[in-house]
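What follows is the residue order along each chain.
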Number of protein chains: 2
Amino acid sequence: MRTLSLFALAVVACLAVPSDAGDLRTASALRDRALGDPTAWNIVESLTTEIGPRPIGSPAYSRARDWAIARLKALGFVNVHAEVFPKPAWIRGAESAEVVGPFPQKLAIIGLGNTVPTPPQGIEAPIVVLKSYAELLAARPGAFKGRIVVVNQPMTRTEDGSGYGAAVQIRNGYGEAARRGALAYLIRSVSTGAPRSPHTGAIWGPGTGKIPAAALGVPDADLLQHMAARGPVRLRLKLASSVNPKSLAWNISGEVTGSARPDQIVVIGGHLDSWDPGTGAIDDAAGVAITTAAATLINRLPQHPRRTIRVVLWGSEENGGSSDAYLAAHRNELGKIVLAGESDLGSDRAIHVDLPDGAAKAPAFALLPAVLAPLKVFVADTPPRHGGSDIEGLQKAGVPIFAVGQDASRYFDYHHSADDTLAVVDRASLNQNVAVWASLLYLAADSNVDFRAKPGK
Amino acid sequence: MRTLSLFALAVVACLAVPSDAGDLRTASALRDRALGDPTAWNIVESLTTEIGPRPIGSPAYSRARDWAIARLKALGFVNVHAEVFPKPAWIRGAESAEVVGPFPQKLAIIGLGNTVPTPPQGIEAPIVVLKSYAELLAARPGAFKGRIVVVNQPMTRTEDGSGYGAAVQIRNGYGEAARRGALAYLIRSVSTGAPRSPHTGAIWGPGTGKIPAAALGVPDADLLQHMAARGPVRLRLKLASSVNPKSLAWNISGEVTGSARPDQIVVIGGHLDSWDPGTGAIDDAAGVAITTAAATLINRLPQHPRRTIRVVLWGSEENGGSSDAYLAAHRNELGKIVLAGESDLGSDRAIHVDLPDGAAKAPAFALLPAVLAPLKVFVADTPPRHGGSDIEGLQKAGVPIFAVGQDASRYFDYHHSADDTLAVVDRASLNQNVAVWASLLYLAADSNVDFRAKPGK
């Protein structure tokens with residue numbers, strides 16, 4: 001039985017209880033400490049204030065690397081280093097769109113990540129407004145020849161963020177529009193909100209041809225639909241961008257060394273890169289903060305848990321790449337990675353915890369529901385299907401994953417837009433997440449559970 | 001007793017009831033009709049779609065005049081015309097701000113209306129961040145020599161919008177900053193929201209010197225405060241603008257002629273001009289729509305009320321001028337204007353009606369609470385102190401005023417910003433306002449009440 005000096009007295013009084021009682025007491029103490037701990041907030045505040053938006057290829061992205069290394073070291077992590085990999089950078093230039101006629105107005109737009117630019121003088125053409133992506137897919141080849149296609153399909157607000165899947169498909173539809181003769185592709189922002197700030201995001205879908213692609217502010221997409229209902233509308237679109245094919249990215253790694261089985265590793269983290277219009281507070285300074293703060297609280301315990309906790313601050317989530325790079329670099333230690341989880345759904349309250357198949361029934365997690373109940377978090381009886389983009393490679397390679405399900409009701413109001421700032425981070429909810437991660441992480445890292453073995457089955 | 005053919009049967013059955021029973025039935029019928037009437041929504045939709053932002057001096061402002069005249073005529077108003085007055089136009093140019101160091105970031109800003117421009121190369125200087133306007137006023141002359149002053153005082157959210165008064169004072173503080181040696185004046189947007197879109201608004205306060213003045217996005221003001229807490233911060237501000245001293249403005253007027261006393265006039269309206277970042281949906285297409293729709297419903301009655309209803313779509317609210325121009329042009333008919341009211345607080349639900357002193361107790365309004373109760377609107381027992389900027393001149397000249405108090409909880413999240421679009425207009429609330437205005441307006445216009453005489457006292 002591993003005991004903690006802090007809780008020695010209590011443990012002495014409970015020598016007759018099952019062997020995990022000390023762990024559960026520590027997990028509960030971590031939970032309570034997390035709720036009042038400033039680490040997570042300080043990380044979000046620092047990353048958004050001192051670095052700000054940090055897309056790959058920007059000077060801020062390099063500053064974020066230095067920030068992360070310094071921060072992890074200052075928090076006492078060991079083996080802190082950057083793992084570099086090549087990642088071409090798409091760099092945004094000046095962008096504008098306006099209705100030329102019959103009702104001249106400027107529009108709020110933002111180029112979608114990786115879009116090709118327009119010619120310098122822009123593209124001026126009549127628009128066709130489609131109320132759904134299905135209308136685009138149903139149109140015959142060449143149907144929109146010489147036009148700018150506007151897809152104005154709203155995103156559905158859901159607590160679990162599941163409306164995003166359908167919406168992302170639309171964002172990637174430029175190839176479908178090009179196949180039907182479109183000169184450019186505009187979408188209603190992938191957003192559940194009403195603010196005018198448009199939402200960017202990467203495109204990389206298959207297409208027969210590349211045409212410029214941008215997102216309209218939600219009100220702007222509706223505006224074009226209202227105009228188009230009156231008759232023909234002409235629009236002028238200008239998108240400038242460049243690509244640096246030799247750009248580099250990096251995953252930043254730091255560890256809390258395990259006390260008994262340091263060779264067994266639990267990998268957690270959030271992603272360090274962000275889109276450019278906001279300061280990347282909920283996407284994903286929050287995930288960086290939640291996981292780093294949880295590991296920091298554990299790092300401060302008088303005795304570390306048995307296994308090593310490795311925090312990886314992923315360097316290329318928004319444009320993909322972290323996951324593959326990590327898998328390639330760590331293929332020979334895959335067997336040592338006993339569990340992995342990512343935090344990348346903002347800072348709003350955690351609702352449930354999803355453990356690998358069978359783990360919830362393992363003795364080590366028998367009292368986890370009791371630890372999480374005061375946080376109003378339940379242990380779900382189904383394992384996560386998807387744990388996060390950056391651990392997708394690990395997951396596919398057989399590493400067991402867990403997830404903390406959050407309230408994503410507000411997340412898509414802000415993410416990838418100028419409104420993703422510290423102003424939309426709720427400190428209490430942020431810390432509630434840290435509490436969940438810290439207690440869960442401690443139990444997992446201090447256990448002997450073999451998550452690959454479907455332990456409770 | 002005036003009767004309506006629509007309600008003739010009902011009225012015949014009620015010949016014994018007091019003389020206002022027919023009016024109250026008509027008012028109730030107008031109320032119910034308003035809730036399902038498309039006029040108000042169509043006006044907001046049309047003005048934001050076909051005209052969009054319409055600051056004085058812009059081509060859209062001229063298009064708005066033509067739109068308003070055509071729309072009032074199409075709705076059956078008579079004596080529709082524009083009353084032109086001179087109004088110098090301040091015209092926005094390119095604007096930007098960025099932190100130069102130590103944490104380079106672009107900032108979201110918007111120039112305050114009427115600000116002087118910066119030199120073309122901008123102003124680069126260290127900032128001082130003040131958490132309240134009182135700190136600025138308490139500083140000695142010259143205290144901020146060579147600095148850009150940032151006032152980061154949040155606005156208080158209130159249901160009645162009363163937090164705006166204190167905030168507007170801050171917006172006008174550039175003279176106080178200049179007196180203390182500041183090179184430029186930046187304020188936290190006068191906003192109750194968290195979105196990054198900055199909020200503009202006119203400045204015209206007294207000052208010893210003119211320095212450039214702009215509003216930061218709410219998150220940007222906090223960001224600068226967080227940076228400044230770490231040490232010196234340098235900022236670069238560029239504001240371009242021009243002034244057209246020979247620009248013209250116009251109040252658009254149209255009438256529903258009174259059936260018995262057409263020389264007695266009830267003046268109502270909203271303002272046609274708007275700020276430029278949004279489409280001026282809640283500020284003030286909504287007011288234009290609410291008052292025009294209410295008058296239109298009355299105009300469609302088989303018999304008009306006794307008095308004339310005059311809808312005035314004010315042409316220069318945001319920069320002032322409508323009120324004085326109207327007073328100057330109508331000084332010789334002030335005695336004929338029996339009552340005036342303005343709608344300029346967005347489209348959210350009406351909560352109470354404020355009548356001129358004593359009017360609520362006049363027999364003509366005895367059953368008004370019964371008409372408004374189903375709308376969850378009460379008749380307040382205090383007259384309005386302020387009925388709206390555009391009728392301030394009339395009010396000061398002794399014209400009795402009324403007001404419809406609305407829920408302004410959300411209004412200052414959006415007004416004067418890019419987020420003021422059709423997306424934030426709730427159609428049901430908009431129509432609830434029309435219902436209040438239509439029923440109240442009918443009772444006032446069909447009455448003999450002399451509002452100047454404190455009738456119920």
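Not measured: the values here are computed from a predicted model.

Caption draft 1: Up close: the relation of the copies chain A and chain B. In screw terms, the move from chain A to chain B is a rotation of 180 degrees and a rise of 0.0 Å along the axis, fitting with an RMSD of 0.0 Å. Both chain copies can therefore be described as sitting about a two-fold axis.

Caption draft 2: Representation of the pattern of salt bridges within the structure. All names here are of chain B. In the structure shown here, the tally under the stated rule is 44 salt bridges over all chains. The salt bridge partner of Glu-124 is Arg-234, with a shortest N-O separation of 3.0 Å. With Glu-124 in strand β5 (residues 123-130) and Arg-234 in strand β9 (residues 234-244), this pair connects stretches of sequence that are 110 residues apart. We classify Glu-124 as partly exposed; its relative accessible area is 35%.

Caption draft 3: Representation of the side chain of Ser-58 of chain A within the structure. Here Ser-58 of chain A is to be found in the loop between α3 (39-51) and α4 (59-74). A polar contact of 2.7 Å, which involves the side chain of Ser-58 of chain A, links it to the backbone oxygen of Pro-55 of chain A.

Caption draft 4: Summary view of the pairing of strand β8 (residues 213-216) of chain B. Residue and element names in this part refer to chain B. Residues of β8 alternate between two faces, with Ala-213 and Ala-215 on one and Ala-214 and Leu-216 on the opposite face, all of them buried. As judged from the four bridges shared by strand β7 (residues 184-188) and β8, these two strands associate in the parallel manner. Across the sheet, residue Arg-188 finds its bridge partner in β8, namely Leu-216.

Caption draft 5: Main features of the interface of chain A and chain B. With 30 residues of chain A at the interface, the matching set in chain B holds 30 residues. Between chain A and chain B, a total of about 2200 Å² is buried, with carbon and sulfur atoms accounting for 54% of that surface. Joining chain A to chain B, the criterion identifies four salt bridges. With a closest N to O distance of 2.6 Å, Arg-230 of chain B and Glu-50 of chain A form a salt bridge. Listing elements by their share of the side of chain A that touches chain B, those giving two or more residues are α3 and α8 (218-228) of chain A. Broken down by element, the side of chain A that touches chain B gets its largest block of residues, six residues, from α3 of chain A. Residues belonging to the side of chain A that touches chain B are distributed by class as follows: 14 nonpolar, 10 polar and six charged.

Caption draft 6: A look at the sheet that holds strand β15 (residues 378-379) of chain B. All names here are of chain B. Strand order in the open sheet formed by three strands is β15-β14-β16, and the pairing between neighbours is mixed. Because the sheet does not close on itself, it has two edges, and the strands there are β15 and β16 (403-406). As judged from the four bridges shared by strand β14 (residues 350-354) and β16, these two strands associate in the antiparallel manner. Residue Ala-350 lies in a different strand from β16, and its bridge partner there is Gln-406.

Caption draft 7: Structural view of the packing of helix α3 (residues 39-51) of chain B against helix α14 (residues 427-445) of chain B. Residues and elements named next belong to chain B. Running from N to C, α3 and α14 point in directions that differ by 120 degrees, and their axes come no closer than 9 Å. Here α3 lies oblique to α14, going by the angle between them. α3 and α14 meet at a crossing whose hand is right-handed. From α3, Ala-40, Trp-41 and Val-44 reach across to α14, where they touch Arg-427, Leu-430, Asn-431 and Val-434. Grouping the constituent residues of the contact of α3 with α14 by class yields five nonpolar, one polar and one charged.

How each quantity is defined
Residues numbered from 1 in each chain as written. Chains lettered and ligands numbered in written order. Predicted model: local features only at pLDDT ≥ 70, side-chain atom pairs only at ≥ 80, totals over all residues. Heavy atoms only, no water. Least-squares fit on C-alpha atoms with pLDDT ≥ 70 in both. Salt bridge = Lys/Arg side-chain N within 4 Å of Asp/Glu carboxyl O. Helix = DSSP H or I, 4+ residues; strand = E, 2+ residues; numbered from the N terminus. Buried < 20%, exposed > 50% of the residue type's maximum accessible area, 1.4 Å probe, protein only. Polar contact = N/O pair within 3.5 Å; in protein donor to acceptor, adjacent residues only side chain to side chain. Pairing = 2+ DSSP bridges. Contact = heavy atoms within 4.5 Å. Buried area = accessible area lost by both parts, 1.4 Å probe. Nonpolar A, V, L, I, M, F, W, Y, C, P; charged D, E, K, R; others polar. Axes fitted to C-alpha atoms, helices over the stretch in contact; angles between N-to-C directions. Parallel < 35°, antiparallel > 145°, perpendicular 65-115°, else oblique. Left-handed = near helix turned anticlockwise from the far one by under 90°.

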